[in-house]
Amino acid sequence: MALVYVGALVLSLLCAAAGGRLGGLTAALLDGAGEGITLALRLAGPICLWCGLSKVMEATGATARLAGLLTPALSRLFPRAWSDRETREALSGNVAANLLGLGSAATPLGLRAAVRMAGDRDAASDELCRLVVLNTASVQLIPATVAALRASLGAAVPLDILPAVWVTSLCSVAAGLLAAKLLSKWVR
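All of these numbers come straight from a predicted model, not from anything done at the bench. Here, residues in each chain are numbered from 1, in the same order as that chain's written sequence. Only residues with pLDDT of at least 70 are given local features in this predicted model, and only at 80 or more are side-chain atom pairs given and counted; all residues enter the totals for whole chains, interfaces and linings. Note: side-chain values were computed over all heavy atoms of the structure, leaving out hydrogens and water.

*Asks:* Kindly report on the packing of helix 5 (residues 85-99) against helix 6 (residues 103-118), identifying the contributing residues and their values.
*Replies:* Lines fitted to C-alpha atoms define the axes, with helix axes restricted to the stretch in contact, and inter-axis angles between N-to-C directions lie between 0 and 180 degrees. Working definition: helices are DSSP H or I runs of at least four residues, strands are E runs of at least two. Numbering for both runs from the N terminus. Axis separation between helix 5 and helix 6 bottoms out at 8 Å; the angle between their running directions is 150°. Between helix 5 and helix 6, the crossing angle belongs to the class labelled roughly antiparallel. The element helix 5 and its partner helix 6 pack so that their crossing is left-handed. Taken together, the residues of helix 6 that come into contact with helix 5 (itself represented by Glu86, Thr87, Ala90, Leu91, Gly93, Asn94, Ala97 and Asn98) are Gly103, Ala105, Ala106, Leu109, Gly110, Arg112, Ala113, Arg116 and Met117. When the residues that make up the contact of helix 5 with helix 6 are grouped by side-chain class, the tally is eight nonpolar, six polar and three charged. Angle categories are assigned with fixed cut-offs, so that under 35 degrees is roughly parallel, over 145 is roughly antiparallel, 65 to 115 is roughly perpendicular, and the rest are oblique. Here a crossing is taken to be left-handed if its near helix is turned anticlockwise relative to the far helix by less than a right angle, and right-handed if that turn runs clockwise. By the convention used here, residues are in contact when the closest approach between their heavy atoms is within 4.5 Å. Residues are grouped as follows: nonpolar covers Ala, Val, Leu, Ile, Met, Phe, Trp, Tyr, Cys and Pro; charged covers Asp, Glu, Lys and Arg; every other residue, Gly included, is treated as polar.

In structure tokens form, the structure reads like this:
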């Protein structure tokens, strides 16, 4: 991927030099970099808060209690993985963080669950594929990171997107799980 970025940068520099707009490209690059830093700083606070909260939940046993609440749905999606306590807690925390729109806080828990589910196999199991689908589709009840970003950019009502988020989340998860189910039967 680094080669793609370097190639695009070199191509941009060559085109800008050929068109006599190297100064404009340089200014645009610097402005874009500055805006990227500003955006990262705006999101750093909420991300740190929710990552810390996920650690506190884990330390206080809240993830274990959450696993109990999510058992009916997750035990059907991940029957083999659900039998292992550590995997179950990582899965529950991952799904809960995604439900709250905390993708950054969900990532470490999802990775931990994925590593435990993969074990030492060379190929991904159906359950591991379903975990990837759930994380990619990212079902959300409260899109906290998006709301924080919208608030930092001046949105009057940062959560006015909730109905659209719910519909798209439901559709993407349903489509992803259906595709995973169909493909698991087809690939075998």
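From this point, the discussion proceeds with the structure in view.
*Asks:* Go over the nonpolar core, please, and point to the residues and values.
*Replies:* It is characteristic of soluble globular proteins that their nonpolar side chains tend to be buried jointly. In terms of nonpolar packing, the biggest core is built from 19 residues, with Leu74, Phe78, Leu91, Met117 and Leu131 touching the most fellow members. Listed by contribution, the elements that provide at least two residues to this core are helix 3 (62-77), helix 4 (79-82), helix 5, helix 6 and helix 7 (126-137). With five residues, the top contributor of residues to this core is helix 5. Here Leu131 is in contact with Phe78, Leu91, Asn94, Gly110, Ala113, Ala114 and Met117, once residues within four sequence places are set aside. Ala97, Leu102, Ala105 and Ala144 belong to the second largest nonpolar core, which has five residues in total. Nine residue types can take part in a nonpolar core, namely buried Ala, Val, Leu, Ile, Met, Phe, Trp, Tyr and Cys, and a core is a set of them joined through side-chain atoms within 4.5 Å. Three exposure classes are used, based on accessible area relative to the maximum for each residue type with a 1.4 Å probe and protein chains only: buried under 20%, partly exposed in between, and exposed over 50%.

*Asks:* Please set out the pattern of salt bridges residue by residue, giving values where relevant.
*Replies:* Any Lys or Arg side-chain nitrogen located within 4 Å of an Asp or Glu carboxyl oxygen qualifies as a salt bridge. Summed over the entire model, instances satisfying the criterion amount to four salt bridges. The residue Arg116 makes a salt bridge to Glu86 at a minimum N-O spacing of 3.5 Å. Separated by 30 residues along the polypeptide, Arg116 in helix 6 and Glu86 in helix 5 bring together distant segments of the chain. Taking the relative accessible area as the measure of exposure, Arg116 reaches 37% and is therefore partly exposed. Since its relative accessible area comes to 41%, Glu86 is described here as partly exposed. Connected through salt bridges with shared partners, the residues Asp84, Glu86 and Arg116 form a single ionic network.

*Asks:* Talk me through helix 5; I want residue IDs and the actual numbers.
*Replies:* What a helix is expected to span follows from its residue count: subtract one and scale by 1.5 Å. The first and last C-alpha atoms of helix 5 sit 21 Å apart over 15 residues, in line with the 21 Å expected at 1.5 Å per residue. The buried fraction of helix 5 is high, at 12 of 15 residues.

*Asks:* So, the layout of surface pockets: which residues are in play, and what are the values?
*Replies:* The calculated volume of the largest pocket comes to roughly 160 Å³. When contributions to the lining of the largest pocket are tallied by element, the ones reaching two or more residues are helix 3, helix 5 and helix 9 (162-187). Top element by residues in the lining of the largest pocket is helix 3. It accounts for four residues. For the lining of the largest pocket, the per-class residue count stands at 10 nonpolar, one polar and no charged. Cavity means a closed set of points on a 1 Å grid over the protein atoms alone, one where a 1.4 Å probe fits but cannot get out, pocket means an open set with protein on both sides within 12 Å along at least 5 of 7 lines, and lining means a residue has an atom within 4 Å of a point. Grid points are joined across faces, edges and corners, and a volume is the space filled by probe spheres set on the points.

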